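Inside the fold
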Amino acid sequence: MTSEPVPPQPTLVDGAVTLRPWRADDAEAARLQHDEEIARWFRFPGVTPSAEQQGAAIERWQRDYADGRRVVSFVVEVDGRVAGSVEVRRTVGRDATGHLSWALFPDFRGRGHAVTAVRLLVDYAFGDLGLARVEAYVDPDNRRSVRLATRAGLRREGELRGYESDREGVRRDAVLLARLADDPEVGTGEMFRAALNAGLPRKRTISQGLVRNERGEVLLCELTYKRYWDLPGGVVDPDESPAHAVLREVGEELQVPARLRRLVVVSWLPPWQGWDDAMLYLFELSVAEDEVARATLEPREIRAIHWADAETVRARCAPYTARLIEHATQLLDAGAPTAYLEDGEPPTW
């Protein structure tokens, strides 16, 4: 029983961009256009490959194609000139998945040719190669290629820590971007929204409650997992509103009924002790003092609760929390509208 013969590698055309098979006479043109940017992102041991190295690479790509199209590498040609290369490599051990890579030479960058070339390659991978998923691994600092992949219809799926080693043996991270065969068509609104949404910053959202008694004291939680006292509340779950989150957290942590009065402060928090930056929403809550006295605490998180005056707040809370409470109470006492803060203070830009 013999396997079916591998079809000839095609030539693909879209406007000014042509993808075609490599030829032996492409070696010198490709070799001379390698620059430091290509060497950096592909982690080559040197900036410019030798003629022998480039020729050997072309022969290897041709063999890999003939051997069941394990690797399909194309020359990117623009106006009859070798402008770069694109490649799809079948991923070993993963059904119908391909690994994309690309490089455009200096004279052809910034003109949209790379996006067109990658789109052509992806369409070919889903069509002729029958792949169901293509993915690319891009250095997080290579923002040009991250944007390029997104414009070509790939979605950012995450960042892989220590994905591969550079030539000094240092482990480097990689952004994983991928496209499925049944994803929305490139150029449609659905595709644009999905790709953009996947790549946008995902800030943490924190929602806390400011509860005061008739003496003006603030309700604080003595926590089991950190030394500073803090306001009741916590992290907002995915697809949950900050208002719902603070009521949920107070219900779970203290088992007391609370009502929202108003949003007092929105404060941006910078990265801190391994946490990414965050947006904090501080709501004024109405909770009866006798209800607080009957609170049932979540023992894994709350050791005790306390009514704290301004001096106790400064002594027991983290500095940014103390600043937040000070500004919030001033706003409430003055009947001022909701304020925006950064790290618990009015911005100074």
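Numbers given for residues are sequential positions, taken from 1 along each chain in its written order. The predicted nature of this model means local features are confined to residues of pLDDT at least 70 and side-chain atom pairs, given and counted, to a pLDDT of 80 or more, with totals for whole chains, interfaces and linings taken over all residues. Side-chain numbers come from the whole structure's heavy atoms, not from hydrogens or water.

Overview of the sheet that holds strand β15 (residues 339–342)
Note on pairing: two strands pair once DSSP finds at least 2 bridges between them. In this text, helices come from DSSP runs of H or I with a minimum length of four residues, and strands from runs of E with a minimum of two, each type numbered from the N-terminal end. In spatial order, the strands read β11-β9-β13-β12-β15; together these 5 strands make up an open sheet with mixed pairing. At either margin of the open sheet sits one strand with a lone partner, and together these are β11 (233–235) and β15. Put simply, the sheet's adjacent strands are angled 20 degrees from each other on average, direction ignored. Relative to β15, strand β12 (residues 259–269) is paired through 4 bridges, and the arrangement is parallel. The axes used here are C-alpha line fits, helices contributing only the stretch in contact, and every angle between their N-to-C directions lies in the interval 0 to 180 degrees.

Topic: the nonpolar core
What we call a nonpolar core is a set of buried Ala, Val, Leu, Ile, Met, Phe, Trp, Tyr and Cys residues that are connected through their side-chain atoms within 4.5 Å. Throughout, exposure labels follow a simple rule: accessible area from a 1.4 Å probe, protein chains only, divided by the maximum for the residue type, with under 20% read as buried, over 50% as exposed, and the rest as partly exposed. In terms of nonpolar packing, the biggest core is built from 49 residues, with L19, V76, V86, L100 and W102 touching the most fellow members. Tallying contributions element by element places helix α4 (residues 113–127) first for this core, with 10 residues. Pairs of residues are marked as contacts when any of their non-hydrogen atoms sit within 4.5 Å. Filtering out sequence-adjacent residues up to four positions away, V86 remains in contact with L19, V72, S73, F74, V76, S101, W102, A117, V118 and L121. By size, the runner-up hydrophobic cluster in this structure holds 25 residues, among which are L220, A318, I325 and L332.

Here we look at the sheet that holds strand β3 (residues 71–78)
Judged by pairing direction, the sheet is mixed, and its 8 strands sit side by side in the order β1-β2-β3-β4-β5-β6-β8-β7 without closing on themselves. Edge strands, defined here as strands with exactly one partner in the open sheet, are β1 (12–14) and β7 (155–165). On average, each strand axis in the sheet is inclined to that of its neighbour by 25 degrees, with strand direction left out of account. Pairing geometry for β7 and strand β8 (residues 171–180), over 7 bridges, is antiparallel. When the sheet's bridge partners are listed, L160 is paired in β8 with A174.

Shape descriptors only; they carry no functional weight alone.
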